[in-house]
Amino acid sequence: MMKRSCTVVYILLSLAFIIVNLITLSNLTPWIDEVMMLDTAYNAAFHGSWETTAWYRVAGQRPFSTYPPLYQMLATVWMWLFGSSLTTVRSLNLLITFILGATCLRLMKGHGLRLAPLTVALFTMLLWGTSEMAWMYRNGRPDMLCALVFVLTAQAIDHHLFSKSPTTGIIVVATSALLVCSGIQAAAYLCALWLFLFVVMRQRRREIVRLLVPLLSGLLMGLLLVALFMYAHGRLMPFVCSIIQYSTTLSSVALTVLPWAGDVFGFDPAPFTHKLLELTTESTLLERLAAIVEYRSFAILSITALLGYVVTSRDNLRRLSCDMGFLSLLFALCVPVIMTLAGRFAVYYRWMAFLPLVVAVMCIAVRHRLWCAIFGALAVLLCAFGVKSLMPDENYNYGNICSFVERQHFKSSDTVVCPFSLFYEMKPVCDTCYFVGIFPTEFVGHVDYIIEAPDGNEFDQPITHYVNMLRADSTVVLAVVDRCEHPSLTLYQVRTKHE
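Would you explain the overall build of the chain in this entry?
Each helix and strand counted, the chain has 22 helices and five strands in total. Looking at the chain as a whole, 53% of its 499 residues qualify as buried. In the chain, of all internal contacts separated by at least 6 residues, the share reaching a separation of at least 24 is 71%. Surface accessibility of the chain: about 23,200 Å² in total, with carbon and sulfur atoms responsible for 65%.

I'm lost on the packing of helix H4 (residues 86–110) against helix H7 (residues 143–163) in this one. Help?
For any two helices packed against each other, the geometry comes down to the angle between their axes and how far apart the axes lie. Where H4 contacts H7, the two axes come as close as 9 Å, and the packing angle between them is 20 degrees. One element, H4, and the other, H7, form an angle in the roughly parallel class. Of the two possible hands of crossing, H4 and H7 adopt the one that is left-handed. Two secondary-structure elements touch here, H4 through Asn 93, Ile 96, Thr 97, Ile 99, Leu 100, Thr 103, Cys 104, Arg 106 and Leu 107 and H7 through Met 144, Leu 145, Ala 147, Leu 148, Val 151, Leu 152, Ala 154, Gln 155 and Asp 158. Here the residues of the contact of H4 with H7 are counted per class, giving 12 nonpolar, four polar and two charged.

Help me out: how do you make sense of the pairing of strand E4 (residues 476–484) in this one?
Regular strands place side chains that alternate from one sheet face to the opposite one. Two elements, E4 and strand E5 (residues 489–496), share eight bridges in a ladder whose sense is antiparallel. Bridging across to E5, Leu 478 finds its partner in Val 494. Following E4, the chain reverses through four residues before pairing antiparallel with E5; His 486 in that reversal takes a positive phi of roughly 55 degrees.

Sorry, what's going on with the side chain of Glu 207 here?
Checked against the element boundaries, Glu 207 lands in helix H10 (residues 205–210). Its relative accessible area of 17% is what places Glu 207 among the buried residues. Excluding anything up to four places from it in sequence, Glu 207 contacts Leu 161 and Lys 164.

Quick question: what am I supposed to make of helix H5 (residues 117–129) here?
Note that an α-helix has 3.6 residues per turn; residues three or four places apart therefore point the same way. Its 13 residues place the ends of H5 17 Å apart at the C-alpha level, agreeing with the 18 Å of an ideal helix rising 1.5 Å per residue. With 11 of 13 residues buried, H5 is to be regarded as a mostly interior element. Along H5, the positions that sit buried rather than exposed are Thr 119, Val 120, Ala 121, Leu 122, Phe 123, Thr 124, Met 125, Leu 126, Leu 127, Trp 128 and Gly 129.

In this structure, what is going on with the pattern of salt bridges? I would like to understand it.
Any two side chains of opposite charge can pair, so long as their charged atoms come close to each other. Evaluation of the coordinates by the stated rule reveals nine salt bridges. The salt bridge partner of Glu 442 is Arg 57, with a shortest N-O separation of 2.1 Å. Of this pair, Glu 442 sits in the loop between strand E2 (432–434) and strand E3 (449–452) while Arg 57 sits in the loop between helix H2 (32–46) and helix H3 (70–82); the two residues are 385 residues apart in sequence, bridging distant segments of the chain. Exposure remark for Glu 442: the relative accessible area of 53% places this residue in the exposed category. By relative accessible area, which is 27% here, Arg 57 ends up partly exposed. The partner of Arg 204 in a salt bridge is Glu 207, and the shortest N-O contact between them spans 2.8 Å. Through salt bridges with shared partners, a single network forms among Asp 33, Arg 141 and Asp 143.

Explain the sheet that holds E2 to me, please; I cannot follow it from the model alone.
One key point about sheets: their strands pair by backbone hydrogen bonds, in either a parallel or an antiparallel sense. In space, the five strands of this open sheet follow the order E2-E1-E3-E5-E4, with mixed pairing throughout. Where the open sheet ends on each side, the last strands, each with one partner, are E2 and E4. Strand-to-strand, the axes of this sheet are offset by a mean angle of 25 degrees, without reference to chain direction. Bridge analysis of strand E1 (residues 415–417) against E3 gives two bridges, and the strand direction is parallel. Paired with Val 416 across the two strands is Tyr 449, which belongs to E3. Strands in contact with helix H20 (residues 398–406) are E3, E4 and E5; relative to E4, the strand with the most contacts, it is inclined by about 130 degrees. In the packing of helix H22 (residues 461–471) onto the sheet, contacts are made with E1, E3, E4 and E5, and the angle to E3 comes to roughly 135 degrees.

What should I look at first to understand the packing of aromatic side chains in this one?
Aromatic ring pairs: the centre-centre distance and the angle between the two ring planes describe each pair. Evaluated as defined, the whole model comprises 26 aromatic pairs. Between Trp 31 and Trp 135 the ring centres are 5.4 Å apart and the planes differ by 50 degrees, which places this aromatic pair in the tilted class. Taken together, the residues span a long stretch of sequence, with Trp 31 in the loop between helix H1 (2–24) and H2 and Trp 135 in helix H6 (residues 131–138) at a distance of 104 residues. By the ring-pair criterion, three or more aromatic residues cluster together here, those being Phe 150, Tyr 189, Phe 196, Phe 331 and Trp 351.

Help me out: how do you make sense of the nonpolar core in this one?
Nonpolar side chains tend to gather and get buried jointly when the protein is soluble and globular. Membership of the largest hydrophobic core comes to 145 residues, with the highest contact counts inside it found for Leu 100, Phe 123, Leu 126, Trp 351, Phe 375, Met 426 and Ile 451. With 14 residues, helix H18 (residues 351–365) is the largest single contributor of residues to this core. Among all residues touching Phe 375, those that are not within four sequence positions of it are Leu 122, Leu 301, Thr 304, Ala 305, Val 361 and Ile 364. Grouped together as the second largest cluster of nonpolar side chains are 15 residues, Val 436, Val 447, Val 476 and Leu 478 included.

Whenever I open this one, a nonpolar patch on the surface confuses me. Can you help?
There is a patch of nonpolar side chains on the surface, built from Val 8, Ile 11, Leu 12 and Leu 15 and spanning about 330 Å² of accessible area. The topology assignment puts Val 8 in helix H1.

Please clarify how the environment of Trp 55 should be interpreted in this entry.
Residue position: Trp 55 is located in the loop between H2 and H3. Classification of Trp 55 by relative accessible area gives buried; the value is 3%. A sequence separation of 20 residues divides Trp 55 from Val 35, and the C-alpha atoms of the two residues are 8.9 Å apart. Ignoring any residue separated from it by four or fewer positions in sequence, one finds Trp 55 in contact with Met 36, Met 37, Pro 63, Phe 64, Ser 65, Thr 66, Tyr 67, Ile 438, Phe 439 and Pro 440. Engagement of the side chain of Trp 55 in a polar contact is seen with the backbone oxygen of Phe 64, the distance being 3.2 Å.

Help me understand H7 in this model?
Helix length check: H7, at 21 residues, gives a terminal C-alpha distance of 30 Å against a target of 30 Å (1.5 Å per residue), a fit within 8%. The positive-phi residue at the C-terminal boundary of H7 is Lys 164, with phi of around 55 degrees.

Rules of the game
Sequence positions are assigned chain by chain, starting from 1 and proceeding in written order. For a predicted model such as this one, the threshold for reporting local features is a pLDDT of at least 70, and the threshold for listing and counting side-chain atom pairs is 80 or more; totals across whole chains, interfaces and linings nevertheless cover every residue. The side-chain values count all of the structure's non-hydrogen atoms but skip hydrogen atoms and water molecules. Runs of E in the DSSP output that reach at least two residues are strands. Runs of H or I that reach at least four are helices, and both are numbered from the N terminus. Note on exposure labels: buried denotes an accessible area under 20% of the residue type's maximum, exposed denotes more than 50%, and partly exposed covers the range between, all computed with a 1.4 Å probe on protein chains only. Contact between two residues is taken to exist if any of their heavy atoms lie within 4.5 Å; hydrogens are not considered. Throughout, the Shrake-Rupley method with a 1.4 Å probe supplies accessible areas, and for residues the shown protein chains are the sole cover considered. Fitting a line to C-alpha atoms yields each axis, with helices limited to the stretch in contact; the angle taken between N-to-C directions then spans 0 to 180 degrees. Each angle receives one of four descriptions, namely roughly parallel if under 35 degrees, roughly antiparallel if over 145, roughly perpendicular if within 65 to 115, and oblique otherwise. Handedness of a crossing is defined here by the sense of rotation of the near helix relative to the far one, left-handed for an anticlockwise turn of less than a right angle and right-handed for a clockwise turn. Throughout, the ten residues Ala, Val, Leu, Ile, Met, Phe, Trp, Tyr, Cys and Pro are labelled nonpolar, Asp, Glu, Lys and Arg are labelled charged, and all others, Gly among them, are labelled polar. Being paired, for any two strands, means DSSP has found at least two bridges between them. Working rule for helices: expected span equals 1.5 Å times residues minus one. One speaks of a salt bridge when a side-chain nitrogen belonging to Lys or Arg is within 4 Å of a carboxyl oxygen belonging to Asp or Glu. The criterion for an aromatic pair is that two Phe, Tyr or Trp rings (for Trp, the six-membered ring) have centres within 6.5 Å, with stacked assigned to planes under 30 degrees apart, edge-to-face to planes over 60 apart and tilted to the rest. For the purposes of this section, nonpolar cores are sets of buried Ala, Val, Leu, Ile, Met, Phe, Trp, Tyr and Cys residues that join through side-chain atoms within 4.5 Å. Exposure above 30% relative accessible area and the lack of any salt bridge qualify a residue for a patch; like charges then connect within 9 Å, and the nonpolar side chains Val, Leu, Ile, Met, Phe, Trp and Tyr within 5 Å. As used in this structure description, the phrase polar contact means that two N or O atoms lie within 3.5 Å; if the pair is within protein, one of them must be able to donate a hydrogen and the other to accept it, and residues adjacent in sequence are counted only when both atoms belong to side chains.

Have a look at this one:
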């Protein structure tokens, strides 16, 4: 009966959050990463080609999505089945998050946590309600898929450590391989978990070392599958370069090694070093670590959880060294440090720290009613701010974008340069849309229209530069066709003078 009540609470609360999200999904502007991930999926679903006009150039080659393709493949099937509207496409991550929550609850129950409807409600509010988590699951990035596959891998590891059967070992290999296919950063996170377990679980260190065999086998298998996929599309070298350039640590090593490698192996390292220097930031390690303070939900919950564990174990602090909840909290606090040292801990990776933190909160909440009440009050407060973050921006109205596109006379054969914010509206209208906020203009062919976002962010500025370049071309005429406010958009028709 208790199990059924917990299931009902999770489903009903999750449905409430999902409904609120479905109503407000259009309040979040489509942005660069989302369009980069989904442009290939859209083209595969509706044009039958694994190509993109929303990616960057690597080593001089024509842009191609070098991200591990599992999420894009799922998105391709999702679009083909259900359509390509903003709400439809983003709802894929809502479904993944719902499954993620159910999997986390199952994993915690498997570790002996006596879940009750109140604690399940607490978990559900923390999963769906914080503004940072909401931002991650509301856009079209693959981070929630990474989180889901990681939890499935953690569950497989858990079963393997207790049963040690060949079957569980094979499952660890399979889930680890899928993890690489969902994101290289998720594989690095799994390595961070293994390292943490090796350090803190001294009594089971031999088992942790033996766990390396299925883990490394799975990671290498996944890497091989992705590499074969990239090789089949002629993009193996850009894929390798993309792994390096998104890690500050690996980029620093590559910038040191490339000139020497160029001399030894007889190739020009300039295209590679130029790209790495473009993406290199001047921030120090401490500055990158300090960015976690901006994650307010994490800071509030982790400080409260740390206080809770100290207070409830003040008579015997040593027992915390073998307490699953406290170790989860410790891992959550270590994640930003480990991932930053590995080279990157972006805002959309914050689920890596948040999920073990929620486990830590749940462990103390199921044991102590007082702390359950305290975290319940915090969850309500964080949810209030989270729901507030879903509300529309007064300077941005997605309905204005929709009406702006609808009143034009675009043909499917027209070629358009446009901002990322118009992705979901323009892709079904025009077969060729160049998102030059990231796509290099040297690969842009004939253009019929340009949609400029004069008041846009830094990723909209390349469109303005492209407009200025055409204005300087004496053979081209730009004519303003229409304008939009909130957001600010200007539509130009591009014609040559002999037309």
